[in-house]
Amino acid sequence: MLDKLKTEVYDANMRLPKLGLVTFTWGNVSGIDRDKGLFVIKPSGVDYDDLKPSDMVVVDLNGKVVEGNMNPSSDTPTHTVLYNAFPKIGGIVHTHSEMAVAFASARLDIPAVNTTHADTFYNDIPVTEPLTKAEIEDAYEENTGKVIVKTFADRGLDYDATPGCLVGQHGPFTWGATPDKAVYNAKVLEVCANIAYHATMLTHKDIHVPQYLLDKHYYRKHGANAYYGQNNPDSKNHAAREEK
């Protein structure tokens, strides 16, 4: 069942340790088949060196296991909430990457202080309020997803333009059109957190990137007039070419 997606999700999970985003088994990737209403996720607590594509667990959008011999990630209810709330996403990543967790621990947004951030995230990367005692004791992982959704709703944020969030006192979740893109966003988030930390240690001024520069860098990679790279809508028209 969903063998191609299982391989895709397995490959995305295996990129996490290669990119320095996980320690031990502290992370997971999932990917969804929207037509079938099923997603595939890493099994819980299995060492990356021991993982196989066939170990990936198939789950429905009610959070019920459809196929798999192992227990799915303990974060499966969080993924379930996000897939239901954010219908355009195709993959989700959760890690405990160190600098992102530092910002989550301090309950601080990761500020947009440079074009590195603006290329991928259109806003400061938000941090949620910590979960309450009641939320932790009853349906903890489900409430983790709900607090992410609430944060985006309360702040009026577009989940497509800001594809990641810090859960207060916990860590980062990112998403994207595919599992691989969600992994990419997880790495970018960690890099942005690291840069922002060092930049804010150097000055106490507000060093947010100006809106016009943020707009330029975000929209040259995203949207109808994007021209960065080879395959964006306006890529072929951006470079001046010699007439033949």
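A quick note: this is a predicted structure, and the numbers were derived from the prediction, not measured.

**Student:** Help me understand the packing of helix α3 (residues 98-106) against helix α7 (residues 179-202) in this model?
**Tutor:** Each pair of packed helices can be described by the angle between their axes along with the distance between the axes. Contact pair α3 / α7: the axes reach a minimum separation of 7 Å and the direction vectors enclose 65°. In this structure, α3 meets α7 at a crossing whose hand is left-handed. On α7, the residues that touch E98, M99, A100 and F103 of α3 are L189, E190, A193, N194, A196 and Y197. The residue makeup of the contact of α3 with α7, split by class, is 7 nonpolar, 1 polar and 2 charged.

**Student:** What exactly am I supposed to notice about the nonpolar core here?
**Tutor:** Grouped burial of nonpolar side chains is what soluble globular proteins tend to show. Of all hydrophobic cores here, the largest spans 21 residues; its most connected members are L16, V40, L51 and V93. When residues of this core are assigned to their parent elements, the largest contribution, 6 residues, is made by helix α1 (residues 3-18). Not counting chain neighbours up to four residues away, the residues in contact with L16 comprise L21, V22, G27, N28, V29, Y48, V93, T95 and V183. Counting residues in each nonpolar core, the second largest holds 20 residues, with I89, I92, Y159 and W175 among its members.

**Student:** Explain the pairing of strand β5 (residues 91-95) to me, please; I cannot follow it from the model alone.
**Tutor:** Regular strands have side chains that alternate between both faces of the sheet. Along β5, 5 of the 5 residues are buried, which leaves the element largely enclosed by surrounding structure. Across the two faces of β5 the burial is the same, with G91, V93 and T95 and I92 and H94 all buried. Note that strand β1 (residues 27-33) and β5 share 5 bridges and pair antiparallel. By the bridge assignment for β5, S30 is matched with I92. For β5 and strand β7 (residues 171-176), the ladder comprises 4 bridges, and the chain directions are antiparallel. The partner of G91 across the bridge, within β7, is G176.

**Student:** What is the right way to read the side chain of N114 from this model?
**Tutor:** With respect to the helices, strands and loops of the structure, N114 is situated in the loop between α3 and α4 (115-118). Look at N114 and you get buried, because its relative accessible area is 18%. For N114, the side chain forms a polar contact with the main-chain nitrogen of T116, separated by 3.2 Å. Setting aside its immediate chain neighbours within four residues, N114 contacts I195 and V209.

**Student:** It is not clear to me how the pattern of salt bridges should be interpreted in this structure. Could you clarify?
**Tutor:** Two side chains with opposite charge may pair up if their charged atoms get near one another. In the structure shown here, the tally under the stated rule is 11 salt bridges. Salt-bridge contacts for K146 lead to E142; the nearest nitrogen and oxygen are separated by 3.1 Å. Of this pair, K146 and E142 are both found in helix α6 (residues 140-155), 4 residues apart, which corresponds to roughly one turn of the helix. Here D154 and K150 are joined by a salt bridge, their closest N and O atoms 2.6 Å apart. One end of the pair, D154, and the other, K150, are both in helix α6, 4 residues apart, so they sit about a helical turn from each other. K150 carries the same exposure label as D154, and that label is exposed.

Quick notes on the rules
- Per chain, residue numbering runs from 1 following the sequence as it is written.
- In keeping with the predicted nature of the model, local features appear solely for residues at pLDDT of at least 70, side-chain atom pairs appear and are counted solely at 80 or more, and the whole-chain, interface and lining totals rest on all residues.
- Only hydrogens and water are set aside when side-chain values are computed; all heavy atoms of the structure are taken into account.
- The axes used here are C-alpha line fits, helices contributing only the stretch in contact, and every angle between their N-to-C directions lies in the interval 0 to 180 degrees.
- The helix count covers DSSP runs of H or I at least four residues long, the strand count covers runs of E at least two residues long, and both are numbered beginning at the N terminus.
- Whether a crossing is left-handed or right-handed is set by the direction in which the near helix is turned from the far one by less than a right angle, anticlockwise for left-handed and clockwise for right-handed.
- Working rule for contacts: check all heavy atoms of both residues, and any pair within 4.5 Å makes them a contact.
- When residues are grouped by polarity, Ala, Val, Leu, Ile, Met, Phe, Trp, Tyr, Cys and Pro land in nonpolar, Asp, Glu, Lys and Arg in charged, and all others, Gly among them, in polar.
- Residues enter a nonpolar core if they are buried and are Ala, Val, Leu, Ile, Met, Phe, Trp, Tyr or Cys, with the set joined through side-chain atoms within 4.5 Å.
- Throughout this description, buried means an accessible area under 20% of the type-specific maximum (1.4 Å probe, protein chains only), exposed means over 50%, and partly exposed covers the range between.
- Strands are labelled as partners when DSSP assigns at least two bridges between them.
- Polar contact is defined as a pair of N or O atoms within 3.5 Å, subject to the rule that within protein one atom must be able to donate a hydrogen and the other to accept it, and that residues adjacent in sequence are counted only when both atoms are side-chain atoms.
- Basic side-chain nitrogens of Lys or Arg form a salt bridge, by our definition, when they fall within 4 Å of a carboxyl oxygen of Asp or Glu.

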